[in-house]
Amino acid sequence: KPKLFIFDLDGVITDTAEFHFLAWKQLAEELGITIDRRFNEELKGISRMESLEKILALDPALQGMPLEEKKRLAEKKNDHYKELIRTITPDHILPGVEPLIKRIKEEGILLALGSASKNAPAVLQRLGLYEDFDLIVDPAKVKKGKPDPEIFTKAADHFRVPYSACVGVEDSAAGIEAINRAGMFSVGVGSADVLSASAYIVPDTSRLDFDRIVEKFNR
Ligand code: B16
Ligand code: MG
């Protein structure tokens, strides 16, 4: 069986992917740009600054913005986001996640968080899941974000676990690519057209089942 599970946060453990979308949408509107959920798929899993760059690229009038101004906008999005996550409680844990975590712990398997979000520790605290994680990889110490495998390999290296003994769970295309490039077993949560590269895919978190994942892992 696997030795380490590495979970993504936003869109896997809780629906903060929606909050990120709403916060970006609000910021984009302040800039006179409209973004939709389809475009938002490209923002999932990537860093705050990279997301901002993708949004700015939508409007030719917004090219060549000074770095200071970009930082201010990124900060503003984060303020919107922090406002939204204040409402999070343990009721916001997505279905299927708690039983899966419980089982991982019972099996004596290590559990790590591989989230690009600097707000991840605060969100885990609000959900009441912080203590369950053996490691939260600090995204500030990761040089290359998803789809680079670094955030996932860092978690495995911390515990000296071979990559082939790791399972990564992700809702973003960038995240699945990162897990695959790390040589780990990728579990995608979401739509098959976005996450087709996953080694195993479930339509939503309620379908995450420990035994099923291990069965697929062992194939
Ligand atoms: P923050 P994940 C990612 O988290 C989100 O998917 C992505 O949309 C967000 O821009 C990124 O975290 C950075 O978040 O602005 O809070 O530092 O999916 O890797 O858990
Ligand atoms: Mg995510």
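Structure: above.
These remarks concern the structure in this document. (Residues numbered from 1 in each chain as written. Chains lettered and ligands numbered in written order. Predicted model: local features only at pLDDT ≥ 70, side-chain atom pairs only at ≥ 80, totals over all residues. Heavy atoms only, no water.)

Points about the sheet that holds strand 2 (residues 110–113)
Here is step 1: Taken together, the six strands give an open sheet; going across it, the order is 3-2-1-4-5-6, and neighbouring strands pair in parallel fashion. The sheet is open, and its two borders are formed by strand 3 (135–136) and strand 6 (200–202), each paired with just one other strand.
Here is step 2: Packing against the sheet, helix 9 (residues 210–217) makes contact with strand 1 (4–7), strand 4 (166–170), strand 5 (185–189) and strand 6, and its axis sits at approximately 140° to strand 5. (Pairing = 2+ DSSP bridges. Helix = DSSP H or I, 4+ residues; strand = E, 2+ residues; numbered from the N terminus. Contact = heavy atoms within 4.5 Å. Axes fitted to C-alpha atoms, helices over the stretch in contact; angles between N-to-C directions.)

Remarks on the pattern of salt bridges
Where side chains of opposite charge bring their charged atoms close, a pairing between them can arise.
Here is step 1: For the structure on display, the rule yields 22 salt bridges.
Here is step 2: In this structure, Glu-83 engages Arg-86 in a salt bridge whose closest nitrogen and oxygen atoms are separated by 2.9 Å.
Here is step 3: Classification of Glu-83 as partly exposed rests on a relative accessible area of 46%.
Here is step 4: Here Arg-103 makes a salt bridge to Glu-107, at a shortest N to O gap of 3.0 Å.
Here is step 5: Salt bridges sharing partners connect three or more residues here, namely Lys-1, Arg-103, Glu-107 and Asp-211. (Salt bridge = Lys/Arg side-chain N within 4 Å of Asp/Glu carboxyl O. Buried < 20%, exposed > 50% of the residue type's maximum accessible area, 1.4 Å probe, protein only.)

A few points about the side chain of Lys-77
Here is step 1: Locating Lys-77 in the fold gives a position in helix 4 (residues 67–85).
Here is step 2: The buried charged residue Lys-77 lacks any salt bridge, with Asp-10 as its nearest oppositely charged partner at 7.5 Å.
Here is step 3: Look past the residues within four positions of Lys-77 in its chain and what remains in contact with it is His-20, Ala-23, Trp-24 and Leu-27. (Lys, Arg positive; Asp, Glu negative; His and termini not counted.)

Some thoughts on the coordination of the magnesium ion (ligand 2)
Here is step 1: For the magnesium ion (ligand 2), the protein coordination sphere consists of Asp-8 (OD), Asp-10 (O) and Asp-171 (OD), at 2.1 to 2.2 Å.
Here is step 2: Spacing between the donor residues of the magnesium ion (ligand 2) along the chain follows D-x1-D-x160-D. On the criterion of sequence distance, the pair formed by Asp-10 in the loop between strand 1 and helix 1 (16–30) and Asp-171 in the loop between strand 4 and helix 8 (173–181) is long-range, its members being 161 residues apart. Considered together, Asp-10 and Asp-171 belong to a single accessibility category, that of buried residues. (Donors = N, O, S within 2.8 Å, 3.2 Å for Na, K, Ca; no water.)

Regarding the nonpolar core
Here is step 1: Judged by nonpolar contacts, the single largest core of 36 residues is most densely connected at Phe-5, Phe-7, Ile-13, Phe-133, Val-169 and Ile-213.
Here is step 2: Those residues within four positions of Phe-133 in sequence are excluded, and the remaining contacts are Phe-7, Ile-13, Ile-101, Leu-111, Ala-112, Leu-113 and Leu-124.
Here is step 3: If you look at the next biggest cluster of nonpolar residues, it comprises 19 residues, including Ala-155, Val-161, Ala-182 and Leu-195. (Core = buried A, V, L, I, M, F, W, Y, C linked by side-chain atoms within 4.5 Å.)

Focus on the site of ligand 1
Here is step 1: Near ligand 1 there are 17 residues, and of these Asp-8, Asp-10, Arg-48, Ser-115 and Ser-117 occur at the shortest range.
Here is step 2: Separating an oxygen atom of ligand 1 from a side-chain N or O atom of Asp-10 is a distance of 2.5 Å.
Here is step 3: Ser-117 has a polar side-chain atom sitting 2.6 Å from an oxygen atom of ligand 1.
Here is step 4: Bound to the protein, ligand 1 loses 98% of the 460 Å² it would expose on its own.
Here is step 5: Residue composition of the shell around ligand 1, grouped by class: four nonpolar, six polar and seven charged. (Near = heavy atom within 4 Å. Polar contact = N/O pair within 3.5 Å; in protein donor to acceptor, adjacent residues only side chain to side chain. Areas by Shrake-Rupley, 256 points an atom, 1.4 Å probe, with all protein chains shown as cover. Nonpolar A, V, L, I, M, F, W, Y, C, P; charged D, E, K, R; others polar.)

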